[in-house]
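In case you want the letters, here they are:
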Amino acid sequence: MLLIDSGNDEAAEHWLRMIDHAHQLVVPLRAEDEHAEAAALLLEELAARDEHSARLASGAVAIVSEARTDASAKAQTIASGFRTMVRSAVVIPYDPAMVGGVLRFDALKGATQRAWLRAAAEVARGL
């Protein structure tokens, strides 16, 4: 399995080659309007590019992270909107262990661990 953090520069040649060879697309975003809009535009461009890219877009997994303690309702709204565009959208709750520094799974709250496991299962289901 090869994972690539692409930086989402859909005009870059290396990004397009990555898309041409991908089997599963994961779209991570924070629960913020500008992040949701950018991700939606990226998926729309992929859907219009070619058949393979359109399959990747519709079969993608969106992972919506609550970047702040007060982002729960917004994250749910954003995820709900993405569920019409992608195969699955998973919300990751806010967790102080995800802010800065080294990320350790065992330092995450139980709800956050379960959310990441759901996200990983959704990605694996698409392979």
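Refer to the structure presented above.
Source: prediction; values computed, not measured. Along each chain, residue indices are assigned from 1 in the same order as the chain's sequence is written. It should be noted that, the model being predicted, local features are given only for residues of pLDDT at least 70 and side-chain atom pairs only at 80 or more, the latter also being counted only at that level, while totals for whole chains, interfaces and linings use all residues. The basis for the side-chain values is all heavy atoms of the structure; hydrogens and waters are excluded.

A. Highlighting the overall build of the protein. The helix and strand labels rest on DSSP assignments: H or I over at least four residues marks a helix, E over at least two residues marks a strand, and numbering proceeds from the N terminus. In terms of helices and strands, the protein carries five helices and three strands. In sequence order, the secondary structure elements of the protein are arranged as α-β-α-α-β-α-β-α. Taking 2.2 N^0.38 as the reference for a compact globule, 127 residues should give roughly 14 Å; the C-alpha atoms of the protein span a radius of gyration of 15 Å, in line with that estimate. Each principal axis of the C-alpha distribution contributes one length, and for the protein these read about 40 × 30 × 25 Å. Within the protein, the fraction of its 127 residues that count as buried is 38%. What the globule rule says is 2.2 Å times the number of residues to the power 0.38, and the radius of gyration is computed from C-alpha atoms. For the exposure calls, accessible area comes from a 1.4 Å probe over protein chains only, and a residue counts as buried if that area is under 20% of its type's maximum, exposed if over 50%, partly exposed in between.

B. Layout of the packing of helix α1 (residues 13-21) against helix α3 (residues 51-58). Note on definitions: angles span 0 to 180 degrees between N-to-C directions of axes, and those axes are lines fitted to C-alpha atoms, for helices only across the stretch in contact. Here α1 crosses α3 at 80°, and the two axes come no closer than 9 Å. Comparing their axes, α3 and α1 come out roughly perpendicular. Contact residues: α1 offers I19, D20 and H21, while α3 offers H52, S53 and L56. Side-chain classes are defined by residue name, with Ala, Val, Leu, Ile, Met, Phe, Trp, Tyr, Cys and Pro counting as nonpolar, Asp, Glu, Lys and Arg as charged, and the others, Gly among them, as polar. For the contact of α1 with α3, the per-class residue count stands at two nonpolar, three polar and one charged. Working definition: roughly parallel below 35 degrees, roughly antiparallel above 145 degrees, roughly perpendicular at 65 to 115 degrees, and oblique for all remaining angles. The criterion used for residue contact is that any of the two residues' heavy atoms lie within 4.5 Å.

C. Broad picture of the environment of R104. Secondary-structure assignment places R104 in the loop between β3 (88-92) and α5 (110-125). Assessed through its relative accessible area of 49%, R104 is described here as partly exposed. Put simply, R104 and S88 are 16 residues apart on the chain and 25 Å apart in space, counted from C-alpha to C-alpha. Throughout this description, a polar contact denotes any pair of N or O atoms lying within 3.5 Å of each other; where both atoms belong to protein, one of them has to be capable of donating a hydrogen while the other can accept it, and for residues adjacent in sequence the pair is counted only when both atoms sit in side chains. At a separation of 2.9 Å, a polar atom in the side chain of R104 contacts the side chain of D106.

D. Structural detail: the side chain of T112. Along the chain, T112 turns up in helix α5. We classify T112 as buried; its relative accessible area is 1%. Ignoring sequence-local partners within four residues, the contact set of T112 consists of I92, P93, Y94, D95 and M98.

E. Examining the pattern of salt bridges more closely. For this analysis, a salt bridge means a side-chain nitrogen from Lys or Arg found within 4 Å of a carboxyl oxygen belonging to Asp or Glu. One pass over the structure, following the stated rule, counts eleven salt bridges. Where D33 meets K74, a salt bridge forms, and the shortest distance between an N and an O atom there is 2.8 Å. In this pair, D33 sits in helix α2 (residues 33-49) while K74 sits in helix α4 (residues 72-82), placing the two residues 41 residues apart along the sequence. The class for D33 is partly exposed, based on a relative accessible area of 48%. A relative accessible area of 32% places K74 in the partly exposed class. A salt bridge links D106 to R104, with the shortest nitrogen-to-oxygen separation between them at 2.9 Å. The network of salt bridges with shared partners includes E13, R17, D20, R49 and D50.

F. Broad picture of α4. What α4 keeps buried is the set A75, I78, A79 and F82. Projected down its long axis, α4 carries its buried residues within an arc of 100°, all on one side. Summarising the geometry of α4, the exposed residues directed more than 90 degrees from the buried face are A73 and T77. Looking at the buried side of α4, the elements it contacts are β1 (26-30), α2, β2 (61-65) and β3. Arc definition: it is the arc formed by the directions from the helix axis to the C-beta atoms.

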